[in-house]
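Structural features, examined
Listed here are the chains, written in short residue letters.
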Amino acid sequence: MSSSPRPSTSSASSGRSSPVHGFDSSAALILVPDTEDSAANTPFSISSDDEYDSDDDSGVGGTADRLQASAFPPLSSVSVFLYLLSPFLKLGALLLPNADLPLKVAIPALLFFAGLAAFTRQIWYMLARYIRRADLEEIMLETFARDRRKEGRRWALRQVVRLASGVFRVLLAAVYVRASVDVLLPFLPDKLALPSDIMVTIVVAIMLAPLYFAQSLGVARVIYATWASVAAYVAWFICTAYSHSQGMLAERGVPASTGTLWQGVSMIAFAFTTTSTSPLYTALRGTTQPMSPRPRRSQSFKLLSALSVGIAVLCVLPLVFFQSTDLPASQERPIQPPDALATTPENVLAARALFETAALMLSVPSVLIPTPALPIPSSIRRAIRVPFSRVLLYVAAIGLSLVPSPLARALSDAVWMLAFLSTYMLPALLHIILHNLRSPLSIIIPPSTPVTAMSSPGMPSARSDVSDSRNDELLQRKERTLQRRRLGRRLVWDFGVWMLLVPVGGGGTVWAAGRLANKW
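Residues numbered from 1 in each chain as written. Predicted model: local features only at pLDDT ≥ 70, side-chain atom pairs only at ≥ 80, totals over all residues. Heavy atoms only, no water.

A count of helical and extended segments in the chain gives 20 helices and zero strands. Buried residues in the chain amount to 46% of all 520 residues. Within the chain, residue pairs in contact and separated by at least 24 positions form 84% of the contacts whose partners lie at least 6 positions apart. Counting only carbon and sulfur atoms, one obtains 64% of the accessible surface of the chain, whose full area is about 25,600 Å². (Helix = DSSP H or I, 4+ residues; strand = E, 2+ residues; numbered from the N terminus. Buried < 20%, exposed > 50% of the residue type's maximum accessible area, 1.4 Å probe, protein only. Contact = heavy atoms within 4.5 Å. Areas by Shrake-Rupley, 256 points an atom, 1.4 Å probe, with all protein chains shown as cover.)

Put into structure tokens, the structure is as follows:
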């Protein structure tokens, strides 16, 4: 038993029939077969992943041609899990041993931001299902420029979204390249033909070029490189744990290229920032059969997202113990003499630096490939056979990694702010606007709606005097139970997104502004 049908406003134009044919549409409640009991009982969702499997090509995931041409083509569940896990095992996690936080602060902060990462991914997932689009551009357009008659406004907003996304990805790739080079420099010979940072950056750029110029994230070499970056993190973790157990973990501190925002808890917050959630949902749904009643459990996006966050916590949590300030004096790491640090530990530290560089360097292609293309004129694109836009973006990322240290620190702070805002504030803001400030995409048929369905042969005509659900106590009681159950979930979600927007997002933004202004 369900409430009155809630047809989408676009269903009339797409030709989908209404479920009220043959029933009295003027009734307060109508009988509709309930096929989503299991989805209604799911705590943090409204319906299951396959709710829109029978939608037209304008639904989530789009047409097959559009998926194939996208940077996120249809991917297997294993590949989607890889791209969900990989961002957590990058720069934020690699810098965590240098955070120097007490355990009573580090552990709750890590679990808190890990939970927020899972929560924000669920918000993106629900937003994509709500508007039946999984592109960030479409979600932003549906939020701020729903009226398709205002094409100028929609075009301007689309360009702003593409520009912001492109700038963030290019800056993030530049920060990764700069950090990977900074890690290697102390282990290189002092005398080189060229400045060591420039030479190493050029070598890194040459090595990454074949990976970056792949067509999409579905290309095998990009997937293998991302797996290699995860394996490099695991090897770095083992070297770090061994160095810590032997008391030879160097007090390296944060790299010189990181700015004032990369301190303490902010490193943990950055470690659990996440990107590309909605496109990965599209890529996963592109692998399901359109007529299958339900995707396989291994292809459930919510399950893959939860697994990625859980495994990331297991891989990152031990790092807070490696530089903890809570260790008593009797358990502090022994100070090694200089000659001991110059022999065997040097090999371990060099291997640790090599694996850290590999983990950062091999993640650059997966960051840069989804970057929106530059608006190159068609005449130039026809004249130049090479992918001119992608070449410019790659050169820009490599060039920005070579800027002087003061500018590099400013760029790293900009990356932190963009990652923080896009992860912890943007999804909450979009959710609040769509569900509280915008008219709903689905409407409830009012009691005064006239009957438009014609009676078919063998079916009784729809007359208001045949069935009147206003006087049906069973229907009314079931409807009240259903509304109370959904109201509880909606209140939980509203409370969660407001807490995410104001205390977390607003508080973090105020803290960052104060740090940049040297107020604290």
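What follows deals with the pattern of salt bridges. Evaluated as defined, the whole model comprises six salt bridges. A salt bridge links Asp147 to Arg149; the shortest N-O distance between them is 3.0 Å. Here Asp147 falls in the partly exposed class, since its relative accessible area comes to 27%. Classification of Arg149 as exposed rests on a relative accessible area of 74%. (Salt bridge = Lys/Arg side-chain N within 4 Å of Asp/Glu carboxyl O.)

Let us look at the nonpolar core. Core analysis: the biggest nonpolar cluster contains 121 residues, and Leu91, Tyr233, Phe272 and Trp416 have the highest contact counts within it. Ranked by residue count, the leading element in this core is helix H6 (residues 103–131), at 15 residues. With near-sequence residues (within four places) excluded, Trp416 lies in contact with Leu261, Trp262, Ser266, Ala269, Phe270, Trp511 and Ala512. (Core = buried A, V, L, I, M, F, W, Y, C linked by side-chain atoms within 4.5 Å.)

Count 3.6 residues to each turn of an α-helix, and residues three or four apart come out pointing the same way. The terminal C-alpha atoms of helix H9 (residues 196–212), which comprises 17 residues, lie 23 Å apart, in line with the 24 Å expected from a rise of 1.5 Å per residue. Regarding H9, the residues found buried are Val200, Thr201, Val204, Ala205, Leu208, Leu211 and Tyr212. (Expected span 1.5 Å × (residues − 1).)

Let us look at the packing of H6 against helix H13 (residues 301–316). The N-to-C vectors of H6 and H13 enclose an angle of 165°; their axes lie 10 Å apart at closest approach. As far as their axial angle goes, H13 and H6 are roughly antiparallel. For H6 against H13, the interelement crossing comes out right-handed. Here Leu110, Leu111, Ala114, Ala118, Arg121, Gln122 and Tyr125 of H6 lie close against H13, whose contacting residues are Phe301, Lys302, Ser305, Ser308, Val309, Val313 and Val316. (Axes fitted to C-alpha atoms, helices over the stretch in contact; angles between N-to-C directions. Parallel < 35°, antiparallel > 145°, perpendicular 65-115°, else oblique. Left-handed = near helix turned anticlockwise from the far one by under 90°.)

At their nearest, the axes of H6 and helix H12 (residues 277–285) sit 9 Å apart, and the two run at 60° to each other. Classified by the angle between their axes, H6 and H12 sit oblique to one another. At the point where H6 passes H12, the crossing takes the right-handed sense. On the side of H6, the interface is formed by Arg121, Trp124, Tyr125, Ala128 and Arg129, while H12 contributes Thr277, Ser278 and Tyr281.

Attention now moves to the environment of Thr226. Within the secondary structure layout, Thr226 lies in helix H10 (residues 220–245). For Thr226, a relative accessible area of 2% corresponds to the buried category. Sequence-wise, Thr226 and Ser79 are 147 residues apart; in three dimensions their C-alpha atoms are separated by 9.5 Å. For Thr226, the contacting residues outside a window of four places in its chain are Leu82, Tyr83, Ser86 and Ser366.

The next point concerns the packing of aromatic side chains. This structure, assessed with the given rule, holds 16 aromatic pairs. For the ring pair Phe112 and Phe113, a centre distance of 5.3 Å and an interplane angle of 75° mean the geometry is edge-to-face. Put simply, the rings of Phe112, Phe113, Trp416, Phe420, Tyr424 and Trp511 pair up and form one aromatic cluster. (Phe/Tyr/Trp six-rings, centres within 6.5 Å; stacked < 30°, edge-to-face > 60°.)

All right, on to unusual backbone geometry then. Negative phi is the rule for most residues except glycine; trans is the rule for most peptide bonds. With phi around 55°, Asp100 is a residue other than glycine that occupies positive phi space. Mapped onto the elements of the fold, Asp100 is located in the loop between helix H5 (91–95) and H6. Backbone geometry places Asn518, a non-glycine residue, at a positive phi of 60°. Relative to the helices and strands, Asn518 resides in the segment after helix H20 (473–516).

With that out of the way, let us pick up empty space enclosed by the protein. A probe matching the size of a water molecule, rolled over the atoms, marks out where space remains unfilled. Scanning the model with the defined rule gives five cavities of 30 Å³ or more in all. Every residue lining the largest cavity is counted, 24 residues in all, and those nearest its centre are Pro87, Leu172, Thr275, Ser366 and Val367. It is helix H8 (residues 151–184) that provides the largest number of residues to the lining of the largest cavity, a total of four residues. In terms of residue class, the lining of the largest cavity is made up of 13 nonpolar, nine polar and two charged. Approximately 60 Å³ is the volume attributed to the second largest cavity. Lining of the second largest cavity is provided by Ala174, Val175, Arg178, Ser257, Leu400, Ser401, Val403, Ala408, Leu411 and Ser412. Breaking the lining of the second largest cavity down by element, the ones donating at least two residues are H8 and helix H19 (405–437). For the lining of the second largest cavity, the class distribution of residues is six nonpolar, three polar and one charged. (1 Å grid on protein atoms, 1.4 Å probe; cavity = no way out; pocket = protein on both sides within 12 Å on 5 of 7 lines; lining within 4 Å. Points joined across faces, edges and corners; volume = space filled by probe spheres on them. Nonpolar A, V, L, I, M, F, W, Y, C, P; charged D, E, K, R; others polar.)

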